[in-house]
Amino acid sequence: MTGPEEIAAQPDITALAIAEHRYRALVRATSSLVWTASADGQVVDMPEWRAFSGESVEQIQGWGWVNSVHPDDRERAAAAWQQAVDTRSFYETEYRIRRRDGVYVWHRDRGVPILEADGSVREWVGFCLDIELRKQAEEKRIEAETALRHLNEVLEKRVESEARERARIWNVSQDMLVVSNLEGTLLSVNPAWTTTLGWSETDLVGNTFAWLVHPDDRNKSRAELARLAEGNTARQFEDRLRHKDGSFRWLSWTAVPDRGRIYAVARDVTAIKAAEEELRSSRQELARVGRQLTMGAITASIAHEIKQPLTAIVVNAEAALREIEDVDAADLVIRRLSDQPLNGGDAVWVR
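Everything in this summary refers to the structure shown in the same document. All figures in this text were calculated on a predicted structure; none of them were measured in a lab.

Rules behind the numbers
- Per chain, residue numbering runs from 1 following the sequence as it is written.
- Per-residue local features of the predicted model are confined to residues with pLDDT of at least 70, and side-chain atom pairs are confined, for both listing and counting, to 80 or more; whole-chain, interface and lining totals are unaffected and use all residues.
- For the side-chain quantities, the full set of heavy atoms in the structure was used; hydrogens and water were omitted.
- The pairing criterion for strands is at least two bridges between them, as found by DSSP.
- The helix and strand labels rest on DSSP assignments: H or I over at least four residues marks a helix, E over at least two residues marks a strand, and numbering proceeds from the N terminus.
- Comment: axis = line fitted to C-alpha atoms, over the contacting stretch for helices; angle = value between 0 and 180 degrees taken between N-to-C directions.
- In this analysis, two residues are considered to be in contact whenever any of their non-hydrogen atoms come within 4.5 Å of each other.
- Note on aromatic pairs: the rings of Phe, Tyr and Trp (six-membered ring only in Trp) are paired at centre separations within 6.5 Å, and the planes decide the class, stacked below 30 degrees, edge-to-face beyond 60, tilted for the rest.
- For each residue, the accessible area found with a 1.4 Å probe, counting protein chains only, is set against the maximum for its type, and the residue is called buried under 20%, exposed over 50%, and partly exposed in between.
- Charge-over-ring contacts are defined here by two conditions on Lys NZ or Arg CZ: a distance within 6 Å of the ring centre and an angle within 35 degrees of the ring normal.
- Salt bridges, as used here, are contacts in which a Lys or Arg side-chain nitrogen is within 4 Å of a carboxyl oxygen on Asp or Glu.

1. Comments concerning the sheet that holds strand 1 (residues 32-38)
Spatial ordering of the open sheet is given by 2-1-5-4-3, a layout of 5 strands whose pairing is antiparallel. Both outer strands of the open sheet, strand 2 (43-45) and strand 3 (91-98), are each paired with one neighbouring strand and no more. Between one strand axis and the next, the sheet turns through 35° on average, direction left out of account. Taken together, the 8 bridges between strand 3 and strand 4 (residues 104-115) define a ladder with antiparallel strand orientation. Each bridged residue has a counterpart across the sheet, and for Thr93 the counterpart in strand 4 is Asp109. Of the strands in this sheet, strand 3, strand 4 and strand 5 (121-130) are in contact with helix 6 (residues 132-172), which crosses strand 4 at around 125°.

Right under this line is the structure:
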């Protein structure tokens, strides 16, 4: 290779030639492919291109260089070059060039016209910059963005689906669902509140539980709310809330605190409570009847045990009255009467 010093030593080499040589050396250091073309766009020679692609001068001259471009990029690259030549404007495009080993490598091709004093084009100069790594990075970025977009779409659909499901559960649940703050102010209630207690959402939201709780349950309800505010969970806590008609309904609560909110579920157990009370009353009545039956059985047994000797006494006394005229017979009857066992074991004597 001829160096700048050797070129400078030759009197027929101008400063422009030295500058061009330095420019080419600089471009080669950047792994770029330098090229020149005539004013009409015909390629004269591209040494770096030939070294990269392995083609000869004859193969790349004119428009032959296009054959080294990827088939999918040829038409676009040729059209962009022709438009630049026709309009004498800055040329820039991207395409893949076939390397000597047959692998296509992405390059960015840039060129500018060199103008004469009268404005006509003397020649074209340019270079192709290797952008393969940037393209790979861009493809990975696009793949990542595509995957992320797909994931976001999936998540959005899932969130939307779960939101619809939660809305359906919220609206159709027969259990009373509620969200409140830590002070017990109702922030949101589901339609089951109206179904169970008769109060509308407007009646409830913005108010606390206090005005609904049965007077006898207020202390324990306040204590349970304080436990929830401290981060504890409530399970099967029961109290009574006022119905719009003035009656009270027994409710069984499950509640959990989370980030300054209390999320609770209540089930109306008034019927269960009534059934439990009825069962308790039935058991008490059954016990009372059982005691009465036991007492009756004992009384009947005692009466049976007493009735036999009393019967014998009466019968023998009557016999004594009948035989009273016969002293000896009466004496015998009386003796039998006095000897009669209390259990009635001996037979009763009657003449």
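2. Observations regarding the packing of aromatic side chains
Considering all chains together, one arrives at 11 aromatic pairs under this definition. Plain terms: the ring middles of Trp35 and Trp81 are 5.3 Å apart, the flat faces sit at 85° to each other, and that makes the pair edge-to-face. Here Trp35, found in strand 1, pairs with Trp81, found in helix 5 (residues 74-87); they are 46 residues apart in sequence, far enough to count as distant. For Trp35, a relative accessible area of 4% translates into the label buried. With a centroid separation of 5.1 Å and an interplanar angle of 75°, the aromatic rings of Trp81 and Trp124 are classed as edge-to-face. Within this pair, whereas Trp81 is found in helix 5, its partner Trp124 is found in strand 5, the two being separated by 43 residues in sequence. This pair shows no difference in class: Trp81 is buried, exactly as Trp124 is. By the ring-pair criterion, three or more aromatic residues cluster together here, those being Trp35, Trp81, Tyr91 and Trp124. Lys135 extends its terminal NZ or CZ atom over the ring of Trp106, reaching a point 4.4 Å from the ring centre.

3. Some thoughts on the pattern of salt bridges
According to the stated counting rule, one finds 22 salt bridges in the structure shown. Here Glu94 ties to Lys135 by a salt bridge, and the two come within 3.1 Å at their closest N and O atoms. Pair noted here: Glu94 is in strand 3 and Lys135 is in helix 6, with a separation of 41 residues, a long-range link. The partner of Glu224 in a salt bridge is Arg227, with the nearest N and O atoms 3.0 Å apart. Here Arg227 and Glu224 lie together in helix 9 (residues 218-229), a separation of 3 residues that amounts to about one turn.

Shape is all these values report; function is a separate question.
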